[in-house]
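Notes for the structure review
Listed below, chain by chain, are the residues.
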Amino acid sequence: MTFQSRFGRAEWLKPYTAETVRSLARDGVKRLAVLTPGFAADCLETLEESASRTPNISMKPAAKKFAALPCLNDSDEGMAALEAVARRELAGWV
């Protein structure tokens, strides 16, 4: 698990994605998949950083394959799971 979003000069959550990806590439990892399970919905910043910037970090010639796995809202099944949880947890409120 890594954290990619950083802003300002303050220390941010670690380990940083960029540093981890560079380390994996140095260790000879040639295939990398990125999943953002902390987001139930697409976040433009996360999509851009995870899908666009990460391969540029890792694909310096060592890595051969990269995949950015979609967020939960990218499928009917994912949305059905979120709906089921919401309905279960909100039961009796209305």
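Residues numbered from 1 in each chain as written. Predicted model: local features only at pLDDT ≥ 70, side-chain atom pairs only at ≥ 80, totals over all residues. Heavy atoms only, no water.

1. Structural notes on the confidence of the model for the chain
Applied cut-off: For every residue, the predictor assigns a confidence score, pLDDT, that lies between 0 and 100. A run of H or I in DSSP becomes a helix once it reaches four residues, and a run of E becomes a strand once it reaches two; helices and strands are each numbered from the N terminus.
Residues at a pLDDT of 70 or more form 66% of the chain, whose mean pLDDT is 76. Averaged pLDDT values for the elements of the chain fall to 63 in helix α2 (residues 44–58) and rise to 88 in helix α3 (residues 76–90).

2. Observations regarding the environment of Met-1
Short version of the rule: Partly exposed describes any residue whose relative accessible area lies between the buried limit of under 20% and the exposed limit of over 50%, with all areas from a 1.4 Å probe on protein chains only and scaled to the type maximum.
As for its position among the elements, Met-1 is in the segment before α1 (17–26). Taking the relative accessible area as the measure of exposure, Met-1 reaches 84% and is therefore exposed. The spacing of Met-1 and Thr-36 is 35 residues in sequence and 9.5 Å in space, taken between C-alpha atoms.

3. Examining a nonpolar patch on the surface
For clarity, the cut-off: Like-charged residues are merged into a patch within 9 Å and nonpolar side chains (Val, Leu, Ile, Met, Phe, Trp, Tyr) within 5 Å, provided each residue has over 30% relative accessible area and no salt bridge. For every accessible area listed, the method is Shrake-Rupley and the probe measures 1.4 Å; residues are considered covered only by the protein chains on display. Put simply, a salt bridge is a Lys or Arg side-chain nitrogen that is within 4 Å of an Asp or Glu carboxyl oxygen.
Among the surface-exposed residues, Phe-7, Trp-12 and Leu-13 lie close enough to one another that they form a single nonpolar patch of about 330 Å² accessible area. Position of Leu-13 among the secondary structure elements: in the segment before α1.

4. Here's the deal with the pattern of salt bridges
What the rule picks out here adds up to 3 salt bridges. The salt bridge partner of Glu-11 is Lys-14, with a shortest N-O separation of 3.0 Å. Judged by relative accessible area, Lys-14 falls into the partly exposed class, the value being 48%. Among the ionic pairs, Glu-83 bridges to Arg-87, the shortest N-O distance being 2.8 Å. Here the residue Glu-83 and the residue Arg-87 both occupy positions in helix α3, the gap between them amounting to 4 residues, near one helical turn.

5. Things to note about the environment of Val-34
Secondary-structure assignment places Val-34 in strand β1 (residues 31–34). Since its relative accessible area comes to 15%, Val-34 is described here as buried. In the structure, Val-34 is positioned 35 residues away from Leu-69 in sequence and 5.9 Å away in space, judged by C-alpha atoms.

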